[in-house]
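# Observations on chain architecture
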Amino acid sequence: MNTKNIVVIEGDGIGPDIVAESIKVLRKIEEISDIKFNFSYYEAGGIAIDKYGNPLPKETLDACKKADAVILGAVGGPKWDDLEGNKRPEKALLGLRGGLGLFANLRPAILHRQLKDACPLKEKIIGDSLDIMIVRELTSGIYFGKRGRNVADKSAYDTMYYNEEEIERILRVGFDISLSRDKKVCVVDKANILESSRLWREVTKRVAKDYSDVEYTFLYVDNAAMQLVRNPKQFDVIITSNMFGDILSDEASMLTGSIGMLPSASIGGNNALYEPIHGSAPDIAGQDKANPIATILSMAMMLRHSFGMEKEAQKVEKAVDRALTEGYRTGDIFSKGMKLVGTKEMGNIIANYIK
Ligand code: NAD
């Protein structure tokens, strides 16, 4: 028996609702494979602030470091909005990424053909579906560079810093992923202005020599933002820095209709963290209304990227596809003529379709 130790952090708001459904799906995977999951539950986010006065207790981070993978629901909510920056629930996210060395964030932007009416772009642009993988650098760049304020001249600054090693490792993640896709990489930067972007280009040209099958291009970030709505189908894998990836991945998520559909993986350290891209949706927490599909698809990413279980990952994705094809919809993706279901029922249906 192949046993994997998973730390589960439900977090706040709809976190517990959606995580419960992803566990159902993994239990089903246990039934059809020789894997066994040991789940240990830990706290982070607002709930940890209430209990321990700390959004990321040391015990949680230590457990995550030892685990084979981490599942995270979402953190945050209005109750903690007035706390100062480093005491807020969201601080747990930065602490987990930094503490686990998760330097690569994989955010697929997939528009399922059954939901194409939810895409704000015209059908002639989007066609039947969309499948872009955005690979975002997560632990360096302007979000981690030197920053400060100068009282004398009333100024403030942030620094976009990258070294070659940081650039090379994220590029290799993206190029490797492209090998199992369309072998097309677009590196997004601002090399007409930024020196750090020019370094990205130099390193890209060197790394690309190891991937002779992969076609690569460069695009300035302003153009990339425009191309994502003008002709998103030109993209397969986008690799980019922390801030550009933050902005472009949110733009791309809008093309797919609902935030409740999009999974993510943060990888790079000894283990990896899997979470939906949405937040804690306090407006629908505990009401059986949340769409669990983003979290369930994050489990498919976990099976694929952490455990090399491609066949099982595809079974999860096919089960989601079948639930959508048969017309099951949570409120966020509901349209006339479809069957409205709650969080739990959607989880049950998907788990039952995994064979
Ligand atoms: P949100 O993603 O929580 O919600 C935005 C809208 O989308 C809401 O109307 C919500 O009901 C809906 N929604 C989100 N997920 C859904 C799902 N699975 N099914 C159906 N509908 C869904 O973003 P927000 O309202 O800006 O933030 C709420 C809280 O979450 C804030 O405290 C924010 O800081 C936090 N947040 C956490 C994370 C994270 O934990 N990774 C990410 C983003 C925001």
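Everything numeric in this text was worked out from a predicted model, so none of it was measured. (Residues numbered from 1 in each chain as written. Predicted model: local features only at pLDDT ≥ 70, side-chain atom pairs only at ≥ 80, totals over all residues. Heavy atoms only, no water.)

### Observations concerning the packing of helix α11 (residues 310–325) against helix α12 (residues 343–353)
Any two packed helices are characterised by the angle at which their axes cross and by the distance between the axes. Worth spelling out the cut-off: Axes here mean lines fitted to C-alpha atoms, for a helix over just the part in contact, with angles spanning 0 to 180 degrees between N-to-C directions. Helix numbers and strand numbers start at the N terminus; a helix is a DSSP run of H or I with at least 4 residues, a strand a run of E with at least 2. Oblique is the label for any angle not under 35 degrees, not over 145, and not in the 65 to 115 range, which are roughly parallel, roughly antiparallel and roughly perpendicular in turn. Two helices crossing with the near one rotated counterclockwise from the far one by less than a right angle form a left-handed crossing, whereas a clockwise rotation gives a right-handed crossing. By definition, residues are in contact when any of their heavy atoms lie within 4.5 Å. Following the grouping adopted for this structure description, the nonpolar residues are Ala, Val, Leu, Ile, Met, Phe, Trp, Tyr, Cys and Pro, the charged ones are Asp, Glu, Lys and Arg, and the polar ones are all others, Gly among them.
α12 packs onto α11 with a crossing angle of 120° between their chain directions and a minimal axis gap of 8 Å. As judged from the angle between their axes, α11 and α12 are oblique. Where α11 crosses over α12, the handedness of that crossing is right-handed. Contact residues: Ala 319, Val 320, Arg 322 and Ala 323 in α11; Met 346, Ile 349, Ile 350 and Tyr 353 in α12. Of the residues that constitute the contact of α11 with α12, the class distribution is seven nonpolar, no polar and one charged.

### Thoughts on the state of the cysteines
We apply this condition: Cysteine sulfur atoms that come within 2.5 Å of each other are treated as a disulfide pair. A 1.4 Å probe rolled over the protein chains alone gives each residue an accessible area, and that area as a share of the maximum for its type sets the label: buried under 20%, exposed over 50%, partly exposed in between.
Taken as a whole and judged by the stated rule, the model has zero disulfides. The thiol sulfur of Cys 119 is not disulfide-bonded, and the nearest other cysteine sulfur, from Cys 186, lies at 19 Å. Note on Cys 186: relative accessible area 5%, which makes it buried.

### Section: the side chain of Glu 43
As a reminder of what qualifies: Definition of a polar contact: a pair of N or O atoms within 3.5 Å, with one able to donate and the other able to accept a hydrogen when the atoms are protein atoms, and with sequence-neighbouring residues admitted only if both atoms are side-chain atoms.
Looking at the secondary structure, you find Glu 43 in the loop between β2 (35–42) and α2 (46–52). Side chain to side chain, Glu 43 and Lys 51 meet in a polar contact 2.8 Å long. A distance of 2.8 Å separates a polar atom in the side chain of Glu 43 from a polar atom in the side chain of Tyr 52. Excluding residues within four positions of it along the chain, Glu 43 makes contact with Ile 9, Ala 48, Lys 51, Tyr 52, Pro 57 and Thr 60.

### Some words on the site of the ligand
Inclusion rule: Throughout this document, a residue counts as near a molecule or strand when at least one of its heavy atoms sits within 4 Å of that molecule or strand. Values of accessible area rely on a 1.4 Å probe in the Shrake-Rupley scheme; residue burial ignores everything except the protein chains shown.
Close to the ligand lie 20 residues, the nearest being Val 75, Glu 90, Gly 279, Ala 281 and Asn 291. Here an oxygen atom of the ligand and a backbone polar atom of Ser 280 are 3.0 Å apart. Here an oxygen atom of the ligand sits 2.7 Å away from a polar atom, N or O, in the main chain of Ala 281. Starting from 810 Å² of accessible surface for the ligand in isolation, the protein chains cover 68%. In the shell around the ligand, the residues fall into nine nonpolar, seven polar and four charged.

### Re the domain arrangement of the protein chain
Interfaces are frequently sized by the accessible area removed from exposure as the parts join. Cut-off, in case you're wondering: For the domains described, the bounds stem from an automatic or database domain assignment. Buried area, as used here, totals the accessible surface that two parts lose on assembly, with accessibility defined by a 1.4 Å probe and the loss added over both. Salt bridge criterion: a side-chain nitrogen from Lys or Arg within 4 Å of a carboxyl oxygen from Asp or Glu.
Splitting the protein chain by domain gives domain 1 (1–106 + 261–355) and domain 2 (120–255). For domain 1 versus domain 2, the separation of C-alpha centres amounts to 25 Å. For the pairing of domain 1 and domain 2, the buried interface totals around 1,100 Å² over both sides, and the portion due to carbon and sulfur atoms is 75%. If you sort the residues of domain 1 by the area they bury against domain 2, Phe 103, Asn 105 and Leu 106 come out on top, with a joint share of 55%. Viewed at the interface, domain 2 and domain 1 are joined by zero salt bridges. Connecting domain 1 to domain 2 are two residue pairs in polar contact (both at pLDDT 80 or more). Going through the elements one at a time, α4 (91–100), β4 (104–111), β11 (263–267) and α10 (293–305) are the ones with two or more residues in the side of domain 1 that touches domain 2. At three residues, β4 tops the list of elements feeding residues into the side of domain 1 that touches domain 2. Of the residues belonging to the side of domain 1 that touches domain 2, the class tally is nine nonpolar, three polar and one charged.

### Points about the side chain of Arg 329
Condition: All tallies of charge rest on Lys and Arg as positive and Asp and Glu as negative; His and the ends of each chain are not included.
Structurally, Arg 329 is set in strand β13 (residues 328–329). No salt bridge forms around the buried Arg 329; measuring N to O, its nearest opposite-charge neighbour Asp 117 is 8.3 Å away. For Arg 329, the side chain forms a polar contact with the main-chain oxygen of Gln 114, separated by 3.5 Å.

### Points about the pairing of strand β7 (residues 155–158)
Here is the rule we go by: Any two strands with at least two DSSP-identified bridges between them are counted as paired.
Note: strand β6 (residues 147–150) against β7, four bridges, orientation antiparallel. What sits directly across from Asn 150, in β7, is Ser 155.

### A look at helix α3 (residues 58–66)
At 3.6 residues per turn, the α-helix brings residues three or four places apart onto the same side. Filter applied, for reference: Here the arc refers to the set of directions running from the helix axis out to each C-beta atom.
Among all positions in α3, only Thr 60, Leu 61, Ala 63 and Cys 64 are buried. Along the long axis of α3, the arc covered by the buried residues comes to 160°, so they all point the same way. The exposed residues of α3 that point more than 90 degrees off its buried face are Lys 58, Glu 59 and Lys 66. On the buried face of α3, the contacting elements are β1 (2–11), β2, β3 (69–74) and α4.

### Some details on unusual backbone geometry
The bulk of non-glycine residues show a negative phi, and the bulk of peptide bonds are trans. One non-glycine residue, Lys 154, lies in positive phi territory at about 50°. Relative to the assigned elements, Lys 154 resides in the loop between β6 and β7. Positive phi values are uncommon outside glycine, yet Lys 183 reaches one of about 60°. Mapped onto the elements of the fold, Lys 183 is located in the loop between α6 (164–179) and β8 (184–189).

### So, the packing of aromatic side chains
Two descriptors summarise a pair of aromatic rings, namely the distance from one centre to the other and the angle between the planes of the rings. The condition that has to hold: Planes of paired rings set the category: under 30 degrees apart is stacked, over 60 is edge-to-face and the rest tilted, where pairs are Phe, Tyr or Trp rings (Trp by its six-membered ring) whose centres lie within 6.5 Å. Geometrically, a lysine NZ or arginine CZ counts as sitting over a ring once it is within 6 Å of the ring centre and also within 35 degrees of the ring normal.
All chains considered together, the criterion is met by six aromatic pairs. On the basis of an interplanar angle of 85° and a centroid distance of 5.7 Å, the ring pair of Tyr 216 and Phe 218 is categorised as edge-to-face. Tyr 216 gets classed as partly exposed once you look at its relative accessible area, which sits at 29%. Members of the aromatic cluster, connected to one another through ring pairs, are Phe 175, Tyr 211, Tyr 216 and Phe 218. Here the guanidinium or amino end of Arg 169 rests over the ring plane of Phe 103, the centre of that ring lying 4.2 Å away. The cationic tip of Lys 339 hangs over the ring face of Tyr 328; the distance from NZ or CZ to the ring centre is 4.5 Å.

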